[in-house]
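Examination of the molecular architecture
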Amino acid sequence: MSNQQTFNNFSEFYPFYLEEHSDVTCRRLHFAGSLLVLLVAAWALVSGKLLWLLALPVIGYGFAWIGHFKFEKNRPATFKYPLYSLMGDWVMFRDMLIGRIRF
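As the structure is a prediction and not an experimental result, all values here were calculated from the model.

1. Describing the UniProt feature "transmembrane region" (unreviewed entry) in the protein chain
The positions that UniProt labels "transmembrane region" (unreviewed entry) are, in the present scheme, residues 29-46 and 52-71. Along residues 29-46 the backbone is 100% helical and 0% strand, and the end-to-end C-alpha distance reaches 25 Å.

2. A look at the pattern of salt bridges
Inspection of the entire model under this criterion finds 2 salt bridges. A salt bridge links Asp95 to Arg94, with the nearest nitrogen and oxygen atoms 2.7 Å apart. Assessed through its relative accessible area of 3%, Asp95 is described here as buried. Notably, a salt bridge pairs Arg100 with Asp95, separated by 3.2 Å at the nearest N-O pair. Take Arg100: its relative accessible area is 56%, and that puts it in the exposed class. Through salt bridges with shared partners, a single ionic network connects Arg94, Asp95 and Arg100.

3. Some thoughts on unusual backbone geometry
Keep in mind that most residues, glycine aside, have a negative phi and that most peptide bonds are trans. The backbone phi angle of Lys73 is positive, close to 60°, even though this residue is not glycine. With respect to the secondary-structure elements, Lys73 resides in the loop between helix 3 (56-72) and helix 4 (82-97).

4. Some points on the environment of Val91
Relative to the helices and strands, Val91 resides in helix 4. Spatially, the C-alpha atoms of Val91 and Asn74 are 20 Å apart, while their sequence positions differ by 17 residues. In this structure, Val91 is in contact with Phe10 and Tyr14, ignoring residues within four places of it in sequence.

5. Some points on the nonpolar core
Core analysis: the largest hydrophobic core is formed by 13 residues, its most contacted members being Phe13, Tyr14, Phe16, Tyr81 and Met92. Elements supplying a minimum of two residues to this core: helix 1 (10-19) and helix 4. If one sorts the elements of this core by residue count, helix 1 sits on top with 5 residues. In contact with Tyr14, not counting residues within four places along its chain, are Gly88, Val91, Met92, Asp95 and Ile101. Counting residues in hydrophobic clusters, the runner-up holds 5 residues, among them Val37, Ala41, Leu56 and Ile59.

The rules behind these values
Residues numbered from 1 in each chain as written. Predicted model: local features only at pLDDT ≥ 70, side-chain atom pairs only at ≥ 80, totals over all residues. Heavy atoms only, no water. UniProt positions renumbered as here; feature names shortened; annotations may be inferred. Helix = DSSP H or I, 4+ residues; strand = E, 2+ residues; numbered from the N terminus. Salt bridge = Lys/Arg side-chain N within 4 Å of Asp/Glu carboxyl O. Buried < 20%, exposed > 50% of the residue type's maximum accessible area, 1.4 Å probe, protein only. Contact = heavy atoms within 4.5 Å. Core = buried A, V, L, I, M, F, W, Y, C linked by side-chain atoms within 4.5 Å.

Dropping the structure here:
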């Protein structure tokens, strides 16, 4: 039997996701990683240097995982809920960008 929580949809998952990101430094690292992913993706597409797209998961998850292991002191939700966690990254990025979440 698994001790993994069950979520029926992303709306149920997102509050859990936010609890897993209560440390401001962790959120800032997520934001920086997500912003860098967007910038590198845009640069790769505009410059035609598409091999840089392979670096996107390393950039995004690298910043996020440093935030979790060093500051948040928890295991990233990505390991248990990969799709919802990826969605949560971008919703939290938007929420920080528009001021809904402090960072």
